[in-house]
Amino acid sequence: QKTSEAVKDILGRLLCICTMDESSLGAPGENVFKGNPTECALLVLAESLGYDYRKVRAETKGRSEQTLKDGKVIMFSSARKMMSWAVPKEDGGWRIYCKGASEVVMSRCTKTQASESGEDMVATALEPEAVTQIEETVIHAFASKAMRTIGVAYRDFDSKPDFDAVSSTITNQDGTPAQEVETELTLIGIMGIEDPLRPEVPGAIEKCYTAGIDVRMVTGDNLETAVAIAKACGILRDEHFAINETGGPPQMKKFRAMEGKEFRTYVHQTVNGEQVFNQDKFDEIWPYLRVLARSSPEDKLTLAKGLNASMLFKNTERCQQLEKEGIKIFPDRQVVAMTGDGTNDAPALKKADVGFAMGQAGTQVAKDAADIVLLKDNFADIVVAALWGRNVYESISKFVQFQLTVNIVAVTVAVVGAFYKQDSPLAATQMLWVNLIMDSLASLALATEPPTEDMLRRPPVNRSKSMITKSMWTNMLGHALYQAVVLLFLLFAFPDIGGMPQGTDYVKGLHYFKNVDWMPEEAKNSCLYLDPDWEATAEWPDKNEPRPCTDTKIQERYAQCVDDPDRDEQDDEYKCSYFGGDHKYWKPNPTKAPSLHYTIIFNTFVVMTLFNEINSRKLHGEVNVFHNITANPYFASIFVLIALFQGIVGAIPLGEGGRFIKVYGDGMGGMYWLMALLIGLGVLVWQQIFVNIVKKIVVPAAEL
């Protein structure tokens, strides 16, 4: 219908005046909005009617910054579901502009503004029949299209009204008396504001359900609008509706969608004249509840408290009954996340386990009370937050799995070595090296693992569940068994195989065989020790004179040195260095200098730990431990860096520098490094054997 200019004028001025300063638009032509989205939509309407809200506010007494004290603002509250702003009129008297929930505003109206052409406004009585017609043809029509319905009205006064006066007949939504100035209004119209769903929201909600996150809508919109939006975004699904036996549209099942007033009545009971929360009543409805419309911040707080306190999961019979209805109850106390943007939402955001505040539309109070601020006010960001939260938890678990495996092996080998040799094969400085270099860098590598969509396909972790799961214990003990067996084999059996003394009792010495013609034949076959560290004695005044070894086995072996083409020749002396199987080929080691034997054990331990870092990337028995490894360049870089560090420590001759980290000064050589590398690769092979045989046959994966 064609609307009179007078009606357009009062509507345009109402939209400019009865909105908060925090809501604003960008420059003309810019698609920039700041503050409350609903109010921004109203300001856009005002501009389309030809009204610049900045200019109108600046020129209106009681609304401009300089004359605010001359007007009166009654801010929006959840109890009233409306906002009002009263200003003096230029021709005398006062006018109060009101906007709010359509049904609330209409209930306060006694007149309606006729939509007629011409200069004058025509107000007529708002009859019950007209109210019914507006509800059916306008409000319901808008709401069925998922539009938010806003009613706008005004009232003129001959003089400044009493803003403290309350009505004796009309009450607010919470039952308190309404303010007198917000009654007997004249209805200007009902507006439908469409808040279209972002394309990514339905998919984000679907991901939440897949991840075991239950999504409920708590809104101030009317029930019909809330239901339409919930259906569009996937919160309400086919299973929440029952077949209409009369052939009509499907009917909503009980408790799936409620209004705040009904909800409050159901979960509270009157005790000594006061409303007291009833947890049992709350537990009756919360498993079903999907939509709570016309809610208040107090309803959000009630939901947060009730869900946190619910012990419904302990009621096995009720949980089985709900499961038959397609509702699965999380087997622990609920973890509650709550979104909010208003100041009154702060208590609920505080009470929830995780509070999300809107970064654009949210008030500062809400942001301060929240744990996380959504910068773009996008629900999809909640899914991102959940994904990264799970990734942080898994990163911690990966490192714990890696670190405890290292500790189990180190303690086992150290204790066994201490009992057997009264000397730990792994020195304190070597363990310090492992902790400072290996573990620190490994924690960085595992902590930088990017999240994957697979994390959202797993159920949430129970509050009471141990961080070290059965699967992690299996991984840790399985790999600790492999590494401990290898290291104990190297400790006890390898010296005989590799031809070296055990532990640090002996180290390699320099042996000289003198081949001089004038010496008798028996002297030619004498083995002589030369140790530059020996001091001169009365028997051997020249410390540089080689001293004879009388053991016949040594004589026989060193006699062969003369004919060795690879011998080191120095004048008429032949130096023959052996890694022989008998400790007598080695000189005593009273200073306990680092030995080759223990250096091999240390290097093999580090290399196995390094390869187990790859296995530790997976926690749930995955076969492909290399999956998505290229997505984390930090991991590969750190892996190579640790390998280089260990190569310097274990393979390169460090001379006396090896004493600082207790490794063999002459270096291990390529053969023993290759052996350690092959044993380390065996850790990856063991993972596959372990996952496919032990965890899937001996211990079913479902139990892990």
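Calculation rules
Per chain, the residues get numbers from 1 upward, laid out in the order the sequence is written. In keeping with the model being predicted, local features are shown solely for residues with a pLDDT of at least 70 and side-chain atom pairs are shown and tallied solely at 80 or more, while totals for entire chains, interfaces and linings include all residues. The side-chain values count all of the structure's non-hydrogen atoms but skip hydrogen atoms and water molecules. The helix count covers DSSP runs of H or I at least four residues long, the strand count covers runs of E at least two residues long, and both are numbered beginning at the N terminus. Under the scheme applied here, a residue whose accessible area is under 20% of the maximum for its type counts as buried, over 50% as exposed, and between as partly exposed, the area being computed with a 1.4 Å probe on protein chains only. A contact between two residues is defined here by any heavy atoms of the two lying within 4.5 Å. Computed by Shrake-Rupley with a 1.4 Å probe, the accessible areas treat only the displayed protein chains as cover when residues are assessed. Here, the term nonpolar core denotes a set of buried Ala, Val, Leu, Ile, Met, Phe, Trp, Tyr and Cys residues that are joined through side-chain atoms within 4.5 Å. Here a strand pair is declared whenever DSSP counts at least two bridges between the two strands. Throughout, an axis means a line fitted to C-alpha atoms (over the contacting stretch in the case of helices), and angles, computed between N-to-C directions, take values from 0 to 180 degrees. Put simply, a salt bridge is a Lys or Arg side-chain nitrogen that is within 4 Å of an Asp or Glu carboxyl oxygen. Each crossing gets its handedness from the near helix: less than a right angle anticlockwise from the far helix is left-handed, clockwise is right-handed. Three classes are used: nonpolar for Ala, Val, Leu, Ile, Met, Phe, Trp, Tyr, Cys and Pro, charged for Asp, Glu, Lys and Arg, and polar for all others, with Gly counted as polar. pLDDT is defined as a per-residue confidence score from the predictor, taking values between 0 and 100. Only rings of Phe, Tyr and Trp enter the pairing, Trp through its six-membered ring, and a pair is recorded when the two centres are within 6.5 Å. The plane angle decides the type: under 30 degrees is stacked, over 60 is edge-to-face, the rest tilted. Any Lys NZ or Arg CZ that is within 6 Å of a ring centre and within 35 degrees of that ring's normal is treated as a charge sitting over the ring. Note that the arc is computed from the directions linking the helix axis to the C-beta atoms.

Focus: the overall build of the protein
In terms of helices and strands, the protein carries 22 helices and 28 strands. Out of the 704 residues belonging to the protein, those deemed buried represent 47%. A sequence separation of at least 24 residues applies to 68% of the contacts in the protein between residues at least 6 apart. Of the roughly 35600 Å² of accessible surface on the protein, a fraction of 56% belongs to carbon and sulfur atoms.

Some remarks on the environment of Val-607
Residue placement: Val-607 occurs in helix H20 (residues 596-615). It is 9.3 Å that separates the C-alpha atoms of Val-607 and Trp-673, two residues lying 66 residues apart in sequence. When neighbours within four sequence positions are excluded, Val-607 is seen to be in contact with Trp-673, Ala-676, Leu-677 and Gly-680.

Quick look at the nonpolar core
Counting residues in hydrophobic clusters, the biggest one holds 49 residues, and the most contacted among them are Leu-487, Phe-602 and Phe-605. Elements supplying a minimum of two residues to this core: helix H14 (380-421), helix H15 (428-447), helix H16 (470-492), H20, helix H21 (633-650) and helix H22 (670-698). When residues in this core are grouped by element, the largest group, 12 residues, is from H20. The contacts of Leu-487, once residues within four sequence positions are left out, are Val-409, Val-413, Ile-601, Thr-604, Phe-605 and Met-608. Counting residues in hydrophobic clusters, the runner-up holds 28 residues, among them Phe-255, Ala-304, Ile-327 and Ala-352.

A short note on the sheet that holds strand E21 (residues 372-374)
Taken in spatial order, the three strands of this open sheet run E19-E20-E21, and their pairing is parallel. The sheet terminates laterally at strand E19 (337-340) and E21, the two strands that pair on one side only. Strand-to-strand twist of the sheet, defined as the mean angle between neighbouring strand axes without regard to direction, takes the value 25 degrees. In this structure, strand E20 (residues 354-358) lies alongside E21, joined through three bridges in parallel fashion. Directly across from Phe-356, in E21, lies its bridge partner Ile-372.

Things to note about the environment of Glu-135
On the secondary structure map, Glu-135 appears in helix H5 (residues 128-144). For Glu-135 and Ile-190, which are 55 residues apart along the polypeptide, the C-alpha to C-alpha distance reads 9.7 Å.

Quick look at the pattern of salt bridges
Tallied over the full model, the rule gives 22 salt bridges. Put simply, Glu-5 and Lys-8 hold a salt bridge, and the shortest N to O gap is 3.9 Å. One end of the pair is Glu-5 and the other is Lys-8, both in helix H1 (residues 5-17) and three residues apart, which spans about a single turn. The class for Glu-5 is partly exposed, based on a relative accessible area of 49%. A salt bridge links Glu-184 to Arg-155, with the shortest nitrogen-to-oxygen separation between them at 3.6 Å. Residue Glu-184 is located in the loop between strand E10 (177-179) and strand E11 (185-194), and its partner Arg-155 is located in strand E8 (residues 147-157); the two are separated by 29 residues in the primary sequence. Relative accessible area serves as the criterion here: at 45%, Glu-184 is assigned to the partly exposed category. Exposure remark for Arg-155: the relative accessible area of 16% places this residue in the buried category. Among the charged side chains, a network of salt bridges with common partners joins Asp-21, Arg-57 and Arg-63.

Re the pairing of E11
In terms of burial, E11 is a largely internal element, eight of the 10 residues being buried. The sheet contact formed by strand E6 (residues 109-113) and E11 spans three bridges and is parallel. In the strand pairing of E11, Cys-109 is matched with Leu-185. Across eight bridges, E8 lies against E11 in antiparallel orientation. Bridge pairing links Met-147 to Glu-194 in E11.

A word on the packing of H14 against H16
H16 packs onto H14 with a crossing angle of 30 degrees between their chain directions and a minimal axis gap of 9 Å. For the element pair H14 and H16, the recorded crossing hand is right-handed. In contact with Ser-397, Val-400, Gln-401, Leu-404, Thr-405, Ile-408, Val-409, Thr-412, Val-413, Val-416, Gly-417 and Tyr-420 of H14, H16 contributes Met-472, Asn-475, Met-476, Leu-477, His-479, Ala-480, Gln-483, Ala-484, Leu-487, Leu-488, Leu-491 and Phe-492. Among the residues making up the contact of H14 with H16, the classes are represented as 16 nonpolar, eight polar and no charged.

So, the confidence of the model for the protein
Parts of the model with low pLDDT should not have their predicted coordinates read in detail. Across the protein, pLDDT averages 81, with 80% of residues at or above 70. Ignoring residues within four places in sequence, the model shows residues 510-533, a span with pLDDT below 50, making 65 contacts including any to other chains. Across residues 549-586 the pLDDT falls below 50, and counting only partners more than four positions away or on other chains, this stretch makes 76 contacts in the model.

Comments concerning the packing of H1 against helix H2 (residues 37-48)
One way to put it is that H1 packs onto H2 with a least axis distance of 9 Å and a crossing angle of 145 degrees. Considering only the axes of H1 and H2, their crossing is left-handed. For the pair H1 and H2, the contacting residues are Gly-12, Leu-15 and Cys-16 in the first and Leu-42, Leu-43, Leu-45 and Ala-46 in the second.

Here we look at the packing of aromatic side chains
Considering all chains together, one arrives at eight aromatic pairs under this definition. Measuring from ring centre to ring centre gives 6.0 Å for Tyr-482 and Trp-686, while their planes differ by 25 degrees; the resulting arrangement is stacked. Within this pair, whereas Tyr-482 is found in helix H16, its partner Trp-686 is found in helix H22, the two being separated by 204 residues in sequence. For Tyr-482, a relative accessible area of 18% corresponds to the buried category. Summarising the aromatic geometry, the rings of Phe-611 and Phe-639 are spaced 5.8 Å apart at their centres and angled 75 degrees between planes, so their arrangement reads as edge-to-face. A residue pair is termed long-range when its members are at least 10 positions apart, and Phe-611 in helix H20 and Phe-639 in helix H21 qualify at 28 residues. The residues Phe-611 and Phe-639 share a single accessibility class, namely buried. The structure contains a cluster of three or more aromatic residues connected by ring pairs, namely Phe-255, Tyr-266 and Tyr-288. Lying over the aromatic face of Tyr-266, Lys-281 brings its terminal NZ or CZ to 5.1 Å of the ring centre. Positioned above the aromatic ring of Phe-635 is the side chain of Arg-617, whose terminal nitrogen or guanidinium carbon lies 5.7 Å from the ring centre.

Quick notes on helix H6 (residues 200-210)
Listed in full, the buried residues belonging to H6 are Val-201, Ala-204, Ile-205 and Cys-208. The buried residues of H6 occupy an angular sector of 100 degrees when projected down its axis, which confines them to one face. Summarising the contacts, the buried residues of H6 are in contact with helix H7 (223-233) and H14. Looking one or two residues beyond H6, the residue adopting positive phi is Gly-212, at roughly 85 degrees.

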